[in-house]
Structure formats: structure tokens, C-alpha cells
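Chain by chain, the residues run as shown.
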Amino acid sequence: MWARAVSLALATVALAGASDVLYEISDEQYYEMPTLFHLDEYERCLATRGVYCTGSFELSPQGPHQLFQLMQRYAANWVDNFNHTRLHRGLCVSQRCRQLAPQQHPGQGEHNAALAEWFESCVNESTMLSYNLSSRLYQLEYCRRGEVNPDGLSTNERAFAGFVAILLALCAVSTVLDLTLSDHAKKGAAWALSFSIPGCWRSLLAPPPCSSETDLRAFDGLRVLCMMCVIIEHVCWITTHTFLADTRRYEQTRRALDAMLMANSTLVVQIFFMMSSFLLAHKLLQQRRRGEQVPVVRTFFDTMINRIIRVSPSYFVVVWFAASWWSRAGSGPMWTPLIEAEVNICRSKWWTHLLYLNNIVYANDKCLIQTWYLAADMQLYGLSLLLTLALWRCRRGAIYVLTALLAGSIALLFGLAYTWRLVPTFVMHRPESVRTTYSTEPSFNVLYQSPLGNVPGALAGLLLAHLHHQLLDSRIVLSKYKWFRWSAVSSVCVSAWWVAASPLLLGRGAPGRGGAAALAALERPIFAFFVGVALLGAMHGVPCSFLSWRGWGCGARLSFGALLLHLPLNKSLVAARLAPTQLDRQSAILEWFGVASVSYLAALPLALCVELPAQRLHRALSALRRRSHAQSDAAPHDTRQKTDL
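Rules used throughout
Residues numbered from 1 in each chain as written. Predicted model: local features only at pLDDT ≥ 70, side-chain atom pairs only at ≥ 80, totals over all residues. Heavy atoms only, no water. Buried < 20%, exposed > 50% of the residue type's maximum accessible area, 1.4 Å probe, protein only. Helix = DSSP H or I, 4+ residues; strand = E, 2+ residues; numbered from the N terminus. Arc of directions from axis to C-beta. Polar contact = N/O pair within 3.5 Å; in protein donor to acceptor, adjacent residues only side chain to side chain. Pairing = 2+ DSSP bridges. Axes fitted to C-alpha atoms, helices over the stretch in contact; angles between N-to-C directions. Salt bridge = Lys/Arg side-chain N within 4 Å of Asp/Glu carboxyl O. Patch = residues over 30% accessible without salt bridge, like charges linked within 9 Å, V, L, I, M, F, W, Y side chains within 5 Å. Areas by Shrake-Rupley, 256 points an atom, 1.4 Å probe, with all protein chains shown as cover.

**Details of helix 9 (residues 197–205)**
Next up, step 1: For helix 9, every residue scored as buried is listed here: G199, C200 and L204. All buried residues of helix 9 fall inside an arc of 140° around its axis, so they share one side.
Next up, step 2: If you check the start of helix 9, you find a side-chain oxygen 3.3 Å away from the backbone N of G199, and it comes from S196.

**Considering the sheet that holds strand 3 (residues 86–92)**
Next up, step 1: Pairing is mixed in the open sheet, where four strands are placed in the order 1-3-2-4. Of all strands in the sheet, those bounded by a partner on one side alone are strand 1 (37–39) and strand 4 (133–145). Along the sheet, successive strands turn relative to each other by an average axial angle of 15°, direction set aside.
Next up, step 2: Looking at chain direction, strand 2 (residues 51–61) and strand 3 are connected through seven bridges and run antiparallel. When the sheet's bridge partners are listed, E58 is paired in strand 3 with R86.

**A closer look at the pattern of salt bridges**
Think of it this way: side chains of opposite charge can pair up when their charged atoms draw near.
Next up, step 1: Counting across every chain of the model gives 25 salt bridges.
Next up, step 2: Residue E58 is joined to R136 by a salt bridge in which the shortest nitrogen-to-oxygen separation is 2.5 Å. One end of the pair, E58, is in strand 2; the other, R136, is in strand 4, with 78 residues separating them in the sequence.
Next up, step 3: In this structure, D584 engages R249 in a salt bridge whose closest nitrogen and oxygen atoms are separated by 2.8 Å. A residue pair is termed long-range when its members are at least 10 positions apart, and D584 in the loop between helix 24 (552–575) and helix 25 (585–644) and R249 in helix 11 (residues 247–252) qualify at 335 residues.

**Quick notes on a nonpolar patch on the surface**
Next up, step 1: A cluster of nonpolar residues, W350, W351, L354, L355 and Y362, forms a patch on the protein surface that exposes about 520 Å² of accessible area.
Next up, step 2: With respect to the element layout, L355 can be found in the loop between helix 15 (335–354) and helix 16 (372–390).

**Regarding unusual backbone geometry**
Next up, step 1: Its identity is not glycine, yet N132 carries a phi of approximately 55°, on the positive side.
Next up, step 2: Summarising the element assignment, N132 is placed in the loop between helix 6 (108–131) and strand 4.
Next up, step 3: A relative accessible area of 41% places N132 in the partly exposed class.
Next up, step 4: A positive phi angle is found at Y362, which is not glycine, with a value near 50°.

As C-alpha cells, this is what we get:
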């Protein structure tokens, strides 16, 4: 006790003339503070019909308190540290605080309130005895007594099970037809073979189309690489979202270069927006170079319908699973706050996913949080298509128009960030913000998941496509210039450096208003610029053998399924753990490879049974419709010829 008092007194003297923010403390001082996270044995408690409660508590002193002041000053560095004046507990209160059990046996509603009061009294007694700090329960996740019997199957769950059964039956019948019909019979029954597993497998392994003018082979490798970056960021994100075993190590490594690279790696999502808008514009500009006529209205609706059919089937199936069977996939002390809470959100806002508005409507309620990208991408895809069609006849002017729009979007984002005090990506991913799933962070809704915040990436892709075709029309071969080859290669390193080091521009602690707004507005466009230079080099002959490997094709096609599945798989794994989770470099890397491997394996049946069959069926029905129209157009001409004869 004397050593503890002397240590705290010295810390107070050292801080007498300092600011209210404390950036560094010793290990001894750190471990004097209460442990942030703790979980009692969950299964043993419920098996013995005990009462298990999980919730969060706010600490407060009864008077002047040196330790509490230390906790406040350390937590004031909210960019890097947890709020150490708040504790998170999962306790078997019937075992820990049997003497505080309520004596009466009230009704159900009063019973739940009595259990919560018991939980609060138990934690308060512990903190008062150990630290002379009172605890107030400010968020109760649940209190339950004994093992909970699962409810019967709901109509939604039965419907999903029936859908899966029908889907498997279609795959089985289509596969049998594919294996038994002759080649001649298959020509007229392509629609019936759409769900054939061998046929979908051949589509999955088919080599990507190639062009003599534009080398797009690096796109597949880049797509897989970016997906791996997203997965490792989400691995660490989900672990931060739950109970951590060693918060000291987490906070100390927050400013390490590799940790900042990981936390800020969500910037790679801009590459997906760039590739999406680039490929869209590239396809249409190829038609322009061939002199083809493109009816604006028909092209817009046909292109958007194709996009919706490409994305929707697998997307909707995963959302349906999350809103139905996901809650039955496991159990654990963190299952209710992590999984069941999200399942309830999915059941209430599923329709926003069907309309691709989940990133705008009820934006604070997160169901499959990674799907904000699909909504934003669909919205920006439509905008990119409109811009490309509007600039159809403007060959040179399109580059100037797109550049002006890009500059205008950056200025608008800066104005919004400055006015509303929004923060850049690294600051947004601070520990307490992650724990609350950004419910109190407007930067996530305005800058991160909205179409407005990601429009620079889409405009950069359009600008890249128009610049590329301008170079093709001018017959300029960039790979002949040594300065460009060096620029393209170095841009890869510079873009990675920007992701890792850009947070250092703001310094430690709470960022200034102007600096935070500037970085929030510029971090995506600057990253997109360097990526665009690298992609331009890859398309114009600058060697990129690693990303251009043909083996990336299959992985690139499965990346969409991995995007949908990796978060539910990883979240289920973490939520089912019975103890706080360790997060360090070794565990993060091992879990990263495990989650990535399982996600791509799980994406395989999703692609073979849902995604590819839907695309094949759409192509078969479209070909059948075109053939029918051709025959109907030819019928009057044939009749007239016969009459003349």
C-alpha cells in the first residue's frame, strides 16, 4: 500500500505543471488501474443455474482521488487509448456476490431489474474495496439465469431452409442434365444448365478476357491483395470490438508503423471504387473507339440491371442468413452483444439492403457492416455510368470536367469535415469508437460509408479510364519513358507509405480541427492518385509479374464471396470465445490467414450455387430473348418473300 501511494504521489507531482493529457505512464502505474475487461466462467455458471450478467460500468470517486485523476489524464489521449474510467464485465454474480442476492421473487420485468441491480451492486462492492471507486451500470447487455432453451424455428428460418433445399435441388437436377445430355441438346437448353456445378466450375476457372491494347491482368491480383488487407483489418477490428486480454500491449503498439498501416488499411477500399468505375468507363470507351452507337437510356438501364444481377443474389442470400439462422450458430458470453444484437438489426433493416440504401437509411444501425461498400459502390456505379454517358462526345474535355469535379468534391469534403469536426480514418478507428461500432462517430456515416465520402475514388477511376484512352488515341506508349517506369514502380511504395505514415501528420493526441479536416478530405484522393499512377503503368507495359499471375483469376472471382462471409465467420469465432481475446502481431497474423482461408473456401459453394448460376441464367435468358426477337423481326420478311413467289 505504501509503495502504491508513493508511486501515485510521484505521478501527481510530475503532472502538476503538465497538460491534462498523459501520453506515457510506466507499467507499474498502468497496472495500478482497474482491469478494463473481465469474463467469469460462462458455461459453468449457467450449467449450475447461476446468474450471469454482462455490461459496462462507469467509475467515479467519492472525493479527490489520485488514481482516478491518473486514469482520466491517460484516457484523455482518446485517439490511442481506451477510456479507463469505464469497465466492462461479464460476471457470474450468483457465485461472486451471493450475499447481495435479492430476497424477493418479483415478476418478470421486476426480476430483470433486480438482476441488473444485483450485478451493479456486485461490481460496485468490488471496485470500492479495491480502488475506493464507485461503479454505475450504464449499459446492460444481458442477465440470464441458467441455460436458455432455444426457441422453435420461426417462419423466416423455415423459409430460408426451404430456399436452400430448393437451391440444392436445382443444382442437382442441372448437374445431372449437364452430365447426361448430348452437346446438341445442350445448345437449346442453356437456361436449364445454369445451375450445373461442373458448368459453374468451368466458368470459375475460365481465363479472364485479354486485350492487345490494355493489359488488365494486374487487376485480379490487386483485387485479391486488397481483399486480404480488408480481412486483416477486420480481424483486428473485431478483436477490439470484444473483450481484450492485454489492453496495455494494444495501446503501446497503436502508434507503431505496422499497426498504423493495418488500422489505416481500409483506405484500400478506394481501389475497389477505382477499379469499378474504371472498368465501367473502359468498356464504354472501347465501344466509342470502335465507332459503335450507344443509346443512352437503354445502355443505362441494361448496365445497371447487369450490375444488380451480378451483385444481388449472393448478397441477399448472406443477408437472409444473417437475419435468420446466424443467431443459432453458437453461444458464449459475448454472443448476445456481438451476434444477437446484430441479427436483430438485420431483421429490422433488411429492406435497406435490398434497395442498396443501408449506408444511408438507419446508418447508425450496422447489419453486416462491411456491406456499406456494396451500397456505396452501387450508388457510385450509377453516378459513374451517368457521367460517362454524359461525356460520351467529349474526348479531351472529359478529362478537364472530371478533374474539376474531383477538385470540387475534395473542397466540399474539407468544408464538411471542418464544419462538423470530422476526423480522418485512423482517428475514426480509435478504440472506444470501434467498441461502440461508431454509433457516436459522425465521420463514419459522412466520410467513410457514404457515397459522398467515396466519390473521389470513383472519379479517379473515371479519370484514369479517360486518360488511358486519350493516350491510346494519341498512340503514346508510356513504357518507353524511363521516368514513367520509375514513377509507376515507386508509386506502389509511396501509396503504402501514405497509408502507414499519414496519421503521423496530426501528431499525438486529439487532432487540430483544420489539420483533421484537411487530412480527412485529402487522404483518399492522394492515395487514389498514387494507385492510379501504378495502375496506368501496369496497363501500359510496366512489368508487374506478381499481380499479373494467371492464378489470381479464380481468387479474384471468389473475393466477392469472401467479402460477404469473412466478417460473419470471424465475428462468430470471437463471440464464442469464453475468455478475453489476446491481440498482438503473432495472433493477428495467424487468425488473419485462418479467417482468409476459411472465407475463400466458404465463398466457393456460394459462387457455385448462387452467384455464377444467377449470371449464367441471366445470360441464357437474354440470349433466348434476343433470338426470339430476331426470329420475330425476320418472320414478316420471310412471309413477304413467299407471297411474292
